[in-house]
There are 2 protein chains.
Amino acid sequence: MNTGSPGMATSKRDHLVDTALALFKEHGFHATGVDRILEASGVARMTLYNNFKSKDELILAALRRQDELFRNELMRQVESREETPLHRLLAIFDVISEGASRPGFCGCTFINACAEYSDLESPAHALAGEHKRLLNAYISELARDAGAEDPERIAQDLSILIDGAMVGAQVTGDAGAVARAKSIAETLLEASLGAPR
Amino acid sequence: MNTGSPGMATSKRDHLVDTALALFKEHGFHATGVDRILEASGVARMTLYNNFKSKDELILAALRRQDELFRNELMRQVESREETPLHRLLAIFDVISEGASRPGFCGCTFINACAEYSDLESPAHALAGEHKRLLNAYISELARDAGAEDPERIAQDLSILIDGAMVGAQVTGDAGAVARAKSIAETLLEASLGAPR
DNA sequence: CCCGGAATAGACTGATCGGTCTAGCGATTT
DNA sequence: AAATCGCTAGACCGATCAGTCTATTCCGGG
């Protein structure tokens, strides 16, 4: 029986999602076979198919987990580091830079998902769009709190910088692009809000 | 016998690369089977394996073709549209915007390749790095001709914007991000070189 | 203590994967 | 006319794919 707290999924299910997410990140979605996930998780085949209708459903669950993990951790870090909305906008790049510097960084999981599922209607691609939209909303909120005239425009601009930074770090294996992106963001915010401090 | 002009590869080989490239762009590398390429190209199985040692080699050939096509077309368009280096830097975004607006646009093929081949040592990933490096060199050259103090920094900044723009267009299916990226580029170039025109 | 649900190992399916091999066709060259 | 070449169709290989089924074991609650 499920002994977890109310609303908490079975431990086996969580473990499956975590393992699958790690493998999907490193090797991609098509290249990661069900057998590999089972071997890495040490879970029986039927346990997977009792918890998920198909591999595709497991992929979606893994993407939802990644969205939750990434956004939660980003907001937590950003808010613990800086107090003012303006500095928090810039702190986003510091958090991402540290993530991109960690060994095993494989770029943005959602960008990678769109690479493998190009169809805009594909559930995986749609989920990636939703993730970017939610991240954009967070940035927009910070920009609004910072007194920006057009927080939506700021959010879109910073989103472009973030995506470009993650791709730059992924392709070169060096997080230097994230630092450059932050510098550009400083220029943009300065132009919109006046010099920070 | 090969009746083409000197240095020209067999027509069948070219056709194979073109077909494979189109399929890789749309469906990805792992998801595109050899059978699909053969069916789409109407070429016999052994013709593929007489021209390429393996599917991996065909993938590399397709990526090399894409690098050649993309950079050649970009430079051709940019140079036919604008005369001054500064305006040419900005024209890059117009050309990319048009590409991203075309139906069937699936993002940057090299970013997508890095998504499927995360290992930095992987030939496909390395080729993507080389492509970005060559594009960066072109931008740097334009920036130098435009009289930039630090053309390398400009090139890296514009590269981040380009990558971010392509990802934005890919995820949302809307080329609006490319226009925003151009606007950011204008701001950056203005700050480095003074107002254009 | 015993029952029921969850998890297990592992055989099994049909399809597809990348890649090899063979036999023959058609045109070109000598 | 014979030999050579690129190309063809299609059988075939072992491996792997996602997914199903069965039979067994484990464990917590009544």
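Residues numbered from 1 in each chain as written. Chains lettered and ligands numbered in written order. Predicted model: local features only at pLDDT ≥ 70, side-chain atom pairs only at ≥ 80, totals over all residues. Heavy atoms only, no water.

## Regarding the pattern of salt bridges
Residue and element names in this part refer to chain A.
So, step 1. Enumeration over the complete set of coordinates arrives at 24 salt bridges over all chains.
So, step 2. Here D145 makes a salt bridge to R144, at a shortest N to O gap of 3.3 Å.
So, step 3. Taking relative accessible area as the criterion, R144 reaches 51% and is therefore assigned exposed.
So, step 4. Between R153 and D157 there is a salt bridge, with the nearest N and O atoms lying 3.4 Å from each other. Here the residue R153 and the residue D157 both occupy positions in helix α8 (residues 151–172), the gap between them amounting to 4 residues, near one helical turn.
So, step 5. By relative accessible area, D157 is classed as buried at 2%.
So, step 6. Several salt bridges converge on common partners, so that one network encompasses D14, D18 and R65. (Salt bridge = Lys/Arg side-chain N within 4 Å of Asp/Glu carboxyl O. Buried < 20%, exposed > 50% of the residue type's maximum accessible area, 1.4 Å probe, protein only. Helix = DSSP H or I, 4+ residues; strand = E, 2+ residues; numbered from the N terminus.)

## Some words on the relation of the copies chain A and chain B
So, step 1. Expressed as a screw transformation, the operator carrying chain A onto chain B has a rotation angle of 180 degrees and an axial translation of 0.0 Å, and the superposed copies differ by an RMSD of 0.0 Å. Seen this way, the second copy is the image of the first under a two-fold rotation axis. When each C-alpha of chain A is compared by its distance to the rotation axis, G164 of chain A comes out closest, at 1.8 Å.
So, step 2. A shared interface surface links the copies, since 100% of the contact residues of chain A are contact residues in chain B too. (Least-squares fit on C-alpha atoms with pLDDT ≥ 70 in both. Contact = heavy atoms within 4.5 Å.)

## Some remarks on the environment of S118 of chain B
So, step 1. With respect to the helices, strands and loops of the structure, S118 of chain B is situated in the loop between α6 (109–116) and α7 (123–145).
So, step 2. Through-space distance from the C-alpha of S118 of chain B to that of E186 of chain B is 33 Å; in sequence the pair is 68 residues apart.
So, step 3. There is a polar contact of 2.7 Å between the side chain of S118 of chain B and the backbone oxygen of E26 of chain A. (Polar contact = N/O pair within 3.5 Å; in protein donor to acceptor, adjacent residues only side chain to side chain.)

## A short note on the interface of chain A and chain B
So, step 1. Chain A puts 36 residues into the contact, and the matching count from chain B is 36 residues.
So, step 2. Both sides together, the interface formed by chain A and chain B hides about 2900 Å², and carbon and sulfur atoms give 69% of it.
So, step 3. If you sort the residues of chain A by the area they bury against chain B, I160, V171 and R180 of chain A come out on top, with a joint share of 21%.
So, step 4. If you look at where chain A meets chain B, you find 2 salt bridges.
So, step 5. Across the chain A-chain B interface, the total number found is 8 residue pairs in polar contact (both at pLDDT 80 or more).
So, step 6. Sorting the residues of the side of chain A that touches chain B by element identifies α1 (11–27), α6 (109–116), α7 (123–145), α8 and α9 (176–193) of chain A as the ones contributing at least two each.
So, step 7. If one sorts the elements of the side of chain A that touches chain B by residue count, α8 of chain A sits on top with 12 residues. (Buried area = accessible area lost by both parts, 1.4 Å probe.)

## Details of the protein's contact with DNA strand C
So, step 1. For DNA strand C, the set of nearby residues contains 17 residues, the closest of which are T47 of chain A together with V34, R45, M46 and K55 of chain B.
So, step 2. With respect to DNA strand C, the side chain of Y49 of chain B contributes an N or O atom lying 3.1 Å from a phosphate oxygen.
So, step 3. Looking at the surface near DNA strand C, the elements that each hand over two or more residues are α3 (45–51) of chain A together with α2 (34–41) and α3 (45–51) of chain B.
So, step 4. Looking at side-chain class alone, the surface near DNA strand C contains 6 nonpolar, 6 polar and 5 charged residues. (Near = heavy atom within 4 Å. Nonpolar A, V, L, I, M, F, W, Y, C, P; charged D, E, K, R; others polar.)

## Quick look at the nonpolar core
So, step 1. In terms of nonpolar packing, the biggest core is built from 127 residues, with I92 and L161 of chain A together with I92 and L161 of chain B touching the most fellow members.
So, step 2. Residues within four places of I92 of chain A in sequence aside, it is in contact with L74, V78, Y138, I139, L142 and I162 of chain A. (Core = buried A, V, L, I, M, F, W, Y, C linked by side-chain atoms within 4.5 Å.)

## What to know about the packing of α9 of chain A against helix α9 (residues 176–193) of chain B
So, step 1. As a packed pair, α9 of chain A and α9 of chain B sit with axes 11 Å apart at the nearest point and diverge in direction by 85 degrees. It follows from the interaxial angle that α9 of chain A and α9 of chain B lie roughly perpendicular. Between α9 of chain A, through I184, T187 and L188 of chain A, and α9 of chain B, the contact on the second element is made entirely by I184, T187 and L188 of chain B.
So, step 2. Counted by class, the contact of α9 of chain A with α9 of chain B contains 4 nonpolar, 2 polar and no charged residues. (Axes fitted to C-alpha atoms, helices over the stretch in contact; angles between N-to-C directions. Parallel < 35°, antiparallel > 145°, perpendicular 65-115°, else oblique.)

## Some points on the packing of aromatic side chains
So, step 1. This structure, assessed with the given rule, holds 4 aromatic pairs over all chains.
So, step 2. With centroids separated by 5.1 Å and ring planes inclined at 35 degrees, the aromatic side chains of F24 of chain B and F29 of chain B adopt a geometry described as tilted. As far as burial versus exposure is concerned, F24 of chain B and F29 of chain B are alike and both buried.
So, step 3. Three or more aromatic residues joined by ring pairs make a cluster, and in this case those are F24, F29 and Y117 of chain A. (Phe/Tyr/Trp six-rings, centres within 6.5 Å; stacked < 30°, edge-to-face > 60°.)

In short, geometric facts, not functional conclusions.
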